[in-house]
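The primary structure of each chain is shown beneath.
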Amino acid sequence: MPSDHNTAVHVVGAGLAGSEAAHQIASTGTPVVLHEMRPVKSTEAHKTDGFAELVCSNSFRSDDWENNAVGLLHEELRRAGSLIMAAADKHKLPAGGALAVDRDAFSAEVTARLAENPLVTIERGEIGGLPPEDWKNVVIATGPLTSPDLSAALARLTGENSLAFFDAIAPVIHRDSIDTSIAWFQSRYDKAGPAGTGADYLNCPMSKAEYEAFVDALLAGEKTSFKEWEASTPYFDGCLPVEVMAERGRDTLRYGPMKPVGLDDPRTGRWPYAVVQLRQDNALATLWNMVGFQTKLKHAEQVRIFRMIPGLENAEFARLGGLHRNTYLNSPKLLDGSLRLKAMPRLRFAGQITGVEGYIESAAIGLLAGRFAAADARRLESSSPPPTTALGALLNHITGGHILADDGERGSARSFQPMNINYGLLPDLKANPTHDGNGQKLKGPERGREKKRMMSRRAIADLERWLGNAADLKQSA
């Protein structure tokens, strides 16, 4: 086990990003010290002291690498030797076209893999404020719940106020309390994904009258109140509380998480007016989470209102929804191209604190930060993945590839916002497709699908070249 704190790379935070960073560093033969404050000090969102604990959904979203940017990122991480993806693949659950995992088994796998690595030293306890000055190579991956002391120290160091928004957690329900004479198993359009069958979601149908009454209840329900300093913090649109969506229009939910398309109610043979979907949450299939039902409703209100949903009249909740603050850096202004803090280059950042959103995006930036830190430790040149890859597109986004502010100042707080991976972050094709492989002319929707496939294939080809060129790092270990 490494014992010299001055020569080892230090990773602060053992979430998805920190765990991935530590794995990448150790895989080059470089000693790493992984610091995790839990269980010495916990957070309002975490329930265990395990590494890579999933505090919100158990889904890594689509696993279709040719047609979905998230799936493309999955495939890139697999090819780059990701610990997070290896653990996810080992403990995947049926979830239609998505990659969902048994959250406890997944976390246990990541924890065990790092604990048994002789190059990884694990230290439990909070790093208050900035890491010690004699730590010359540090990856900070403290996530959306960065401690107040470290946040304050970073604000003093950079002169920038942290940006913040709220992430909301969806409820989890005991399977045996769901009425399956009303709810039925089906994936949208019967699509089967990793470990799935095409009948991977439980669907609770609503008539128009039931939907209208439900929206009324959401709007009138008592919500968790914000502290004064939290009142002006914006939400991230990808994780809006269900009642906030309802406030934006009576049909917002019916065109969002409650859309009924592709779901045939076996009692009527038709799509319902609206539908609530539940997704398997553990390997035993005893727990199911409400898809898209993040909420800031008070707990008693959640029980009352969610039991209005047909099929959930007697629902027993293993976990009720909640809300937590999520902080992130103004990264384009504060970080360089290898994720180092410009004001103190010995510090490098990874994960959601850099301004990516989502589990797999956080792990991706952890992978890159770990590779960059290992290269620094071994005095080797490092290169960034091409911007045509999902990895490179994410890196480019958080280091400057975002829209400009109204006043044209690059990297201002008004222009930089958290982002999930999407094809819009990748450079466009030199020529958009007009014909398929058989020479047949493509129509409108077909052109769009073929364009995604071409961008994905380009990304994988460019990634393989980058991995080959970067192989010197591991060969020198």
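Quick caveat: nothing in here was measured; it's all calculated off a predicted structure. (Residues numbered from 1 in each chain as written. Predicted model: local features only at pLDDT ≥ 70, side-chain atom pairs only at ≥ 80, totals over all residues. Heavy atoms only, no water.)

Colleague: Would you explain the packing of helix H2 (residues 69-79) against helix H12 (residues 444-469) in this entry?
Modeller: For any two helices packed against each other, the geometry is given by the interaxial angle and the distance between the axes. Packing of H2 against H12 brings their axes to within 11 Å, and their N-to-C directions diverge by 20 degrees. It follows that H2 is roughly parallel to H12 by the angle criterion. When you trace H2 past H12, the crossing you get is right-handed. Contacts from Leu72, Glu75, Glu76 and Arg79 in H2 reach Ser456, Ala459, Ile460, Leu463, Glu464 and Leu467 in H12. (Axes fitted to C-alpha atoms, helices over the stretch in contact; angles between N-to-C directions. Helix = DSSP H or I, 4+ residues; strand = E, 2+ residues; numbered from the N terminus. Parallel < 35°, antiparallel > 145°, perpendicular 65-115°, else oblique. Left-handed = near helix turned anticlockwise from the far one by under 90°. Contact = heavy atoms within 4.5 Å.)

Colleague: Even after reading the chapter, I still don't get the nonpolar core, so can you show me in this structure?
Modeller: One broad rule of soluble globular proteins: the nonpolar side chains tend to lie buried together. Residues Phe60, Phe106 and Ile421 are the most contacted members of the largest nonpolar core, which totals 83 residues. Per-element accounting of this core gives the leading share, eleven residues, to helix H10 (residues 359-377). Excluding residues within four positions of it along the chain, Phe106 makes contact with Leu16, Ala52, Leu54, Phe60, Ile84, Ala87, Ala88, His91 and Val101. The next biggest cluster of nonpolar side chains, apart from the first, holds 31 residues, and it includes Ile178, Leu218, Val244 and Ile305. (Core = buried A, V, L, I, M, F, W, Y, C linked by side-chain atoms within 4.5 Å. Buried < 20%, exposed > 50% of the residue type's maximum accessible area, 1.4 Å probe, protein only.)

Colleague: How should I be thinking about the packing of aromatic side chains in this particular structure?
Modeller: The description of an aromatic ring pair uses the distance of the two centres, along with the angle that the planes make with each other. One pass over the structure, following the stated rule, counts eight aromatic pairs. Ring plane angle 35 degrees and centroid distance 6.1 Å describe the contact between Phe214 and Phe293, whose orientation is recorded as tilted. One end of the pair, Phe214, is in helix H6 (residues 208-220); the other, Phe293, is in the loop between strand S13 (287-290) and helix H8 (299-306), with 79 residues separating them in the sequence. Residues Phe214 and Phe293 agree in their burial class; the two are buried. With 6.5 Å between their ring centres and 40 degrees between their planes, Phe214 and Phe306 make a pair best called tilted. Separated by 92 residues along the polypeptide, Phe214 in helix H6 and Phe306 in helix H8 bring together distant segments of the chain. Through successive ring pairs, a cluster of aromatic residues spans Phe60, Phe106 and Tyr359. (Phe/Tyr/Trp six-rings, centres within 6.5 Å; stacked < 30°, edge-to-face > 60°.)

Colleague: Can you walk me through the sheet that holds strand S3 (residues 59-62) in this structure?
Modeller: Spatially, three strands are ordered S3-S5-S4 in an open sheet, and the strand pairing comes out antiparallel. Edge positions in the open sheet fall to S3 and strand S4 (92-93), since each of these has one partner strand only. Pairing geometry for S3 and strand S5 (residues 98-101), over two bridges, is antiparallel. Paired with Ser59 across the bridge in S5 is Ala100. Strands S3 and S5 of the sheet are contacted by H2, whose axis makes an angle of about 115 degrees with S3. (Pairing = 2+ DSSP bridges.)

Colleague: I would appreciate a short explanation of the pattern of salt bridges in the present structure.
Modeller: Where charged atoms from two side chains of opposite charge approach closely, those side chains can pair. Tallied over the entire structure, the rule returns 22 salt bridges. Between Arg250 and Glu212 there is a salt bridge whose closest N-O contact spans 2.6 Å. Taken together, the positions of Arg250 in the loop between helix H7 (242-247) and strand S12 (274-280) and Glu212 in helix H6 put the pair 38 residues apart, joining distant regions of the chain. Lys451 is the salt-bridge partner of Asp428, the closest N and O atoms lying 3.0 Å from each other. Taken together, the residues Asp428 in the loop between helix H11 (390-398) and H12 and Lys451 in helix H12 connect sequence positions 23 residues apart. Judged by its relative accessible area of 46%, Asp428 falls in the partly exposed class. Each of Asp63, Glu75, Arg78, Arg79, Asp89 and Glu464 takes part in a single network of salt bridges with overlapping partners. (Salt bridge = Lys/Arg side-chain N within 4 Å of Asp/Glu carboxyl O.)

Colleague: I'm lost on the side chain of Thr295 in this one. Help?
Modeller: Among the structural elements, Thr295 can be located in the loop between S13 and H8. By relative accessible area, which is 0% here, Thr295 ends up buried. In this structure the side chain of Thr295 is engaged in a polar contact, spanning 2.9 Å, whose partner is the side chain of Glu243. (Polar contact = N/O pair within 3.5 Å; in protein donor to acceptor, adjacent residues only side chain to side chain.)

Colleague: Would you mind showing me how to read the sheet that holds strand S11 (residues 201-206) here?
Modeller: Two orientations exist for strands paired in a sheet by backbone hydrogen bonds: parallel and antiparallel. In space, the six strands of this open sheet follow the order S10-S11-S12-S13-S9-S14, with antiparallel pairing throughout. Of all the strands in the sheet, the pair left with one neighbour each is strand S10 (184-185) and strand S14 (317-319). The pairing of S10 with S11 spans two bridges and is classified as antiparallel. Its bridge partner lying in S11, Trp184 is registered against Asn203.

Colleague: What's the story with the packing of helix H1 (residues 16-26) against helix H4 (residues 103-115) in this structure? I'm lost.
Modeller: Running from N to C, H1 and H4 point in directions that differ by 30 degrees, and their axes come no closer than 10 Å. The two elements H1 and H4 cross, and the hand of that crossing is left-handed. Contact residues: H1 offers Leu16, Ser19, Ala22 and His23, while H4 offers Phe106, Val110, Arg113 and Leu114. For the contact of H1 with H4, the class distribution of residues is five nonpolar, two polar and one charged. (Nonpolar A, V, L, I, M, F, W, Y, C, P; charged D, E, K, R; others polar.)

Colleague: Help me understand the environment of Val244, please; the structure alone is not making it clear to me.
Modeller: Secondary-structure assignment places Val244 in helix H7. Through-space distance from the C-alpha of Val244 to that of Leu218 is 8.8 Å; in sequence the pair is 26 residues apart. The residues contacting Val244, other than those within four sequence positions of it, are Tyr235 and Lys296.

Treat this as a map of the structure, not an account of what it does.
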